[in-house]
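# Survey of secondary and tertiary structure
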Amino acid sequence: MNKIQIVNWLITRRCNLHCDYCRIVKNYKNQPSIYPPMKHYIENEMPTEAIIEGLRRLKLHNPDCFNIIYGGEPLLRPDLHQIINYCNKNEIAYTIISNNTEKVQPLMEELFKKVKYVEGFTASIDPIIFDTNKHSRDEFRKSLAGLTKLKEYKDKIKDVVAEITVTNENLNYLLPLVRVLTDNGINSDITFVDIAKNEHYDFSDVENDDILVKKSADLRTIINTLIDGNYNVHMKNTLLPKIYDILPSELDCKLDEDYHTACIDADGSLRLCLRIKAEATPSNFNISNMLDENGNLNEYLQESIRYDKSKFCLKCNHSCYLMGELLSKGLDNSSNLIHSKIRDSKT
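Structural notes, computed from the coordinates. The residue numbering used here restarts from 1 in each chain and proceeds along that chain's sequence as written. A pLDDT threshold of at least 70 governs which residues receive local features in this predicted model, and a stricter bar of 80 or more applies before side-chain atom pairs are shown or counted, although totals over entire chains, interfaces and linings include all residues. Each side-chain value is worked out from all heavy atoms of the structure, with water and hydrogens disregarded.

## Looking at unusual backbone geometry
- In this model, Gly-71 is joined to Gly-72 through a cis peptide bond whose omega is 20°.
- Secondary structure is summarised from DSSP: a helix means a run of H or I of at least four residues, a strand means a run of E of at least two, and numbering begins at the N terminus for each. Mapping Gly-72 onto the fold places it in the loop between strand S2 (66-70) and helix H3 (80-89).
- Across the junction of Leu-247 and Pro-248, the peptide omega takes the value 5°, indicating a cis bond.
- With respect to the element layout, Pro-248 can be found in the loop between helix H8 (236-246) and strand S7 (261-264).
- Phi at Met-235 is positive, roughly 45°, even though this residue is not glycine.
- Structurally, Met-235 is set in the loop between helix H7 (217-228) and H8.

## Concerning the packing of aromatic side chains
- Any two rings among Phe, Tyr and Trp, with Trp reduced to its six-membered ring, count as a pair given centres within 6.5 Å; such a pair is stacked if its planes are under 30 degrees apart, edge-to-face if over 60, and tilted if neither. Applying the stated rule across the entire model yields 3 aromatic pairs.
- Aromatic pair Tyr-70 and Phe-203: ring centres 6.2 Å apart, planes at 85°, arrangement edge-to-face. Remark: Phe-203 occurs in the loop between strand S6 (187-192) and H7 and Tyr-70 occurs in strand S2; sequence separation between them is 133 residues. By the burial criterion, Tyr-70 is buried, and Phe-203 matches it.
- A ring pair is formed by Phe-121 and Tyr-153, whose centres lie 5.4 Å apart and whose planes are at 90°; its orientation type is edge-to-face. Residue Phe-121 is located in strand S4 (residues 118-124), and its partner Tyr-153 is located in helix H5 (residues 137-153); the two are separated by 32 residues in the primary sequence.
- When its relative accessible area of 0% is taken as the criterion, Phe-121 is described as buried.
- Of the aromatic side chains, those joined through ring pairs into one cluster are Phe-112, Phe-121 and Tyr-153.
- Any Lys NZ or Arg CZ that is within 6 Å of a ring centre and within 35 degrees of that ring's normal is treated as a charge sitting over the ring. In this structure, Arg-179 is placed above the aromatic ring of Tyr-231, and the distance from its NZ or CZ to the ring centre is 4.7 Å.
- It is Arg-220 that lies over the ring of Tyr-244; its NZ or CZ is 4.5 Å from the centre. Accessibility here uses a 1.4 Å probe with only protein chains present; expressed as a share of the type maximum, an area under 20% marks a residue as buried, one over 50% as exposed, and anything in between as partly exposed.

## Quick notes on the environment of Ile-69
- Note on placement: Ile-69 falls in strand S2.
- Residues Ile-69 and Thr-221, 152 residues apart in the sequence, show an inter-C-alpha distance of 33 Å.
- For Ile-69, the contacting residues outside a window of four places in its chain are Trp-9, Ile-11, Pro-74, Leu-80, Ile-83, Ile-84, Tyr-94, Thr-95, Ile-96 and Ile-97. The contact rule is simple, with two residues in contact once any of their heavy atoms fall within 4.5 Å.

## Remarks on the side chain of Glu-325
- Tracing the backbone through its elements, the reader meets Glu-325 in helix H11 (residues 319-328).
- Setting aside anything within four residues of it in sequence, one finds Glu-325 in contact with Leu-251, Asp-252, Cys-253, Lys-254 and His-260.

## Considering helix H6 (residues 174-183)
- Of the residues making up H6, those classed as buried are Leu-174, Leu-177, Val-178, Leu-181 and Thr-182. In a view along the axis of H6, the buried residues occupy a sector of 135°, so they form one face of it.
- Phi turns positive, to about 75°, at Gly-185, one or two residues after H6. Here the arc refers to the set of directions running from the helix axis out to each C-beta atom.

## Considerations on the pattern of salt bridges
- Salt bridge, as used here, is a side-chain nitrogen of Lys or Arg placed within 4 Å of a carboxyl oxygen of Asp or Glu. Tallied over the entire structure, the rule returns 24 salt bridges.
- A salt bridge links Arg-77 to Glu-45; the nearest nitrogen and oxygen atoms lie 3.8 Å apart. You can see Arg-77 sitting in the loop between S2 and H3 and its partner Glu-45 sitting in the loop between helix H1 (40-43) and helix H2 (48-61), a full 32 residues away along the chain.
- A relative accessible area of 5% places Arg-77 in the buried class.
- One salt bridge connects Arg-57 with Glu-53, and the closest N-O pair in it is separated by 2.8 Å. Of this pair, Arg-57 and Glu-53 are both found in helix H2, 4 residues apart, which corresponds to roughly one turn of the helix.

## Looking at the packing of H2 against H3
- Axis definition: a line fit to C-alpha positions, over the contact stretch in the case of helices; interaxial angles, taken between N-to-C directions, run 0 to 180 degrees. Here H2 crosses H3 at 20°, and the two axes come no closer than 10 Å. Between H2 and H3, the angle falls in the class roughly parallel. Crossing of H2 over H3 shows right-handed handedness. Note on element contacts: H3 touches H2 through Gln-82, Ile-83, Tyr-86 and Cys-87, opposite Thr-48, Ile-51, Ile-52, Leu-55 and Arg-56. Comment on the angle field: the value is read as roughly parallel under 35 degrees, roughly antiparallel over 145, roughly perpendicular from 65 to 115, and oblique elsewhere. Crossings are sorted by hand: turned counterclockwise from the far helix by less than a right angle, the near helix makes the crossing left-handed, and turned clockwise it makes it right-handed.

## A look at the sheet that holds strand S3 (residues 93-98)
- Two strands are counted as paired when DSSP detects at least two bridges linking them. Strand order in the open sheet made by the 8 strands is S6-S5-S4-S3-S2-S1-S7-S8, with mixed pairing throughout. Either end of the sheet is taken by a strand with one partner, and the two such strands are S6 and strand S8 (270-271).
- Of the pairings in the sheet, the one linking S3 to S4 comprises 3 bridges and is parallel in character. The partner of Ser-98 across the bridge, within S4, is Ala-123.
- Packing against the sheet, helix H4 (residues 105-114) makes contact with S3, S4 and strand S5 (157-166), and its axis sits at approximately 175° to S4.
- Contacts from H11 reach strand S1 (6-10), S2, S6 and S7, with the element oriented near 150° to S1.

Everything listed is a geometric property; what it means functionally is a separate question.
See below:
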């Protein structure tokens, strides 16, 4: 029986950055006709009430469902505190994924004033902080500013995480970066850069596979060092070996057989996955009809998932779908998605 284990919420496509490798915040060449103009995502984002009702139904569907609050930049939504307060009050597991740059850091401070606590916060920290000459100022600023603030957030947030995206150009900086993060009490979530394999892969704007990390003896050594050494890495014993196995971009997430990971777009439509917008799924399903009021999955959803996956999916290496599959098969525990213990002050 299908059960959603993880939900990726793209609560906005707005962002203070305009990174070359991201399609989420911009129109792009050969964009399918199903996509509305980008202003659609600013003018017609899901209202607060729709998100909260979706969270309520997901809680009924699976009390252990883990919610990943993405953007764009989610802190740009002025109602984020209402969403977080609802999650806290109803014991809904979540993390906020932010670029955590100087522009959004004041918004994080405002969030702290409006919520009792933040359960999870994940900031993009790329392995470039040791080499400022090979990367743009924006990339360096994003990583250095984010790292500095994460150190301060540890006393305010239960689960502080650095999301590290690895390419073959920055692979050599991975171990030193995770060492710095570990020494500062920050957990690392390691992913590898992925590419857009067709126009429907609208999460990534990378089309050149030269930057993909491929299996190698050197990479295997790095993976083994992270697993065996004193490094704080998310689900490293379970997840890192599986990530290695599907490199450079060969994950078959099996969503057509077992719907374990969902993704909701900024306008409330249901995506095939975080990587792919597709056609049938967003056309037929949205946040209000994917689950009924009692948390039961729409009986026709799987048909659209199968169609979209067979037509548009060329595989990927996105780790949250690996996690969803592991949880769905009972091979790991959903509590491992939260790195730190729940504080006594939760209630």
